[in-house]
Amino acid sequence: MTKAQIINEIAEATGLDKKEVAVVVESFMTSVKNSLLKNKESVYLRGFGSFNIKHRKAKTGRNIKANTTIQIEAHDIPSFKPSKSFLEQMKA
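Below you will find a few notes about this structure. Being a predicted model, the structure only gives us computed values, none of them experimental.

**A word on the overall build of the chain**
Looking only at helices and strands, the chain has 3 helices and 5 strands in total. Secondary structure elements of the chain, listed N to C terminal, follow the sequence α-α-β-β-β-β-β-α. Taking 2.2 N^0.38 as the reference for a compact globule, 92 residues should give roughly 12 Å; the C-alpha atoms of the chain span a radius of gyration of 19 Å, well beyond that estimate. Put simply, the chain has 92 residues, and 15% of those count as buried. When contacts within the chain are restricted to residue pairs at least 6 apart in sequence, long-range pairs at least 24 apart make up 29% of them. For the chain, the accessible surface area stands at approximately 7800 Å², while carbon and sulfur atoms represent 57% of it. Of the charged side chains in the chain, 16 are positive and 9 negative, and the gap between their average positions amounts to 12 Å.

Following this line, the structure appears as structure tokens:
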């Protein structure tokens, strides 16, 4: 599902204009990104899940084509963990 499809679905369900829904969806995504990137805070959505930043330690990797080792720097990656109720709904 794309962002445009999400906007269309929300607009149909709520009766709001697509432009208004697009602004809300964009604002939501910006808020989540800012919380994770700038504030280093996780975002918890009860009944849906949580968005977190996971830290990966530096490690040695392997370039198979050149048959050499490379050093992979420590870095952060975004992560999503679904809530228990969401996981239970997926199983049903």
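**Re the layout of surface pockets**
Size it by volume and the largest pocket reaches roughly 240 Å³. What lines the largest pocket is simply Lys-3, Ile-6, Val-25, Phe-28, Met-29, Val-32, Phe-48 and Phe-51. Those elements that place two or more of their residues in the lining of the largest pocket are helix H1 (3-14) and helix H2 (18-37). Ranked by residue count, the leading element in the lining of the largest pocket is H2, at 4 residues. When grouped by side-chain class, the residues that make up the lining of the largest pocket number 7 nonpolar, no polar and 1 charged.

Definitions and cut-offs
- Residues numbered from 1 in each chain as written.
- Predicted model: local features only at pLDDT ≥ 70, side-chain atom pairs only at ≥ 80, totals over all residues.
- Heavy atoms only, no water.
- Helix = DSSP H or I, 4+ residues; strand = E, 2+ residues; numbered from the N terminus.
- Rg over C-alpha atoms; globule rule 2.2 N^0.38 Å.
- Buried < 20%, exposed > 50% of the residue type's maximum accessible area, 1.4 Å probe, protein only.
- Contact = heavy atoms within 4.5 Å.
- Areas by Shrake-Rupley, 256 points an atom, 1.4 Å probe, with all protein chains shown as cover.
- Lys, Arg positive; Asp, Glu negative; His and termini not counted.
- Charge placed at Lys NZ, Arg CZ, Asp CG, Glu CD.
- 1 Å grid on protein atoms, 1.4 Å probe; cavity = no way out; pocket = protein on both sides within 12 Å on 5 of 7 lines; lining within 4 Å.
- Points joined across faces, edges and corners; volume = space filled by probe spheres on them.
- Nonpolar A, V, L, I, M, F, W, Y, C, P; charged D, E, K, R; others polar.

In short, shape yes, function no, at least from these values alone.
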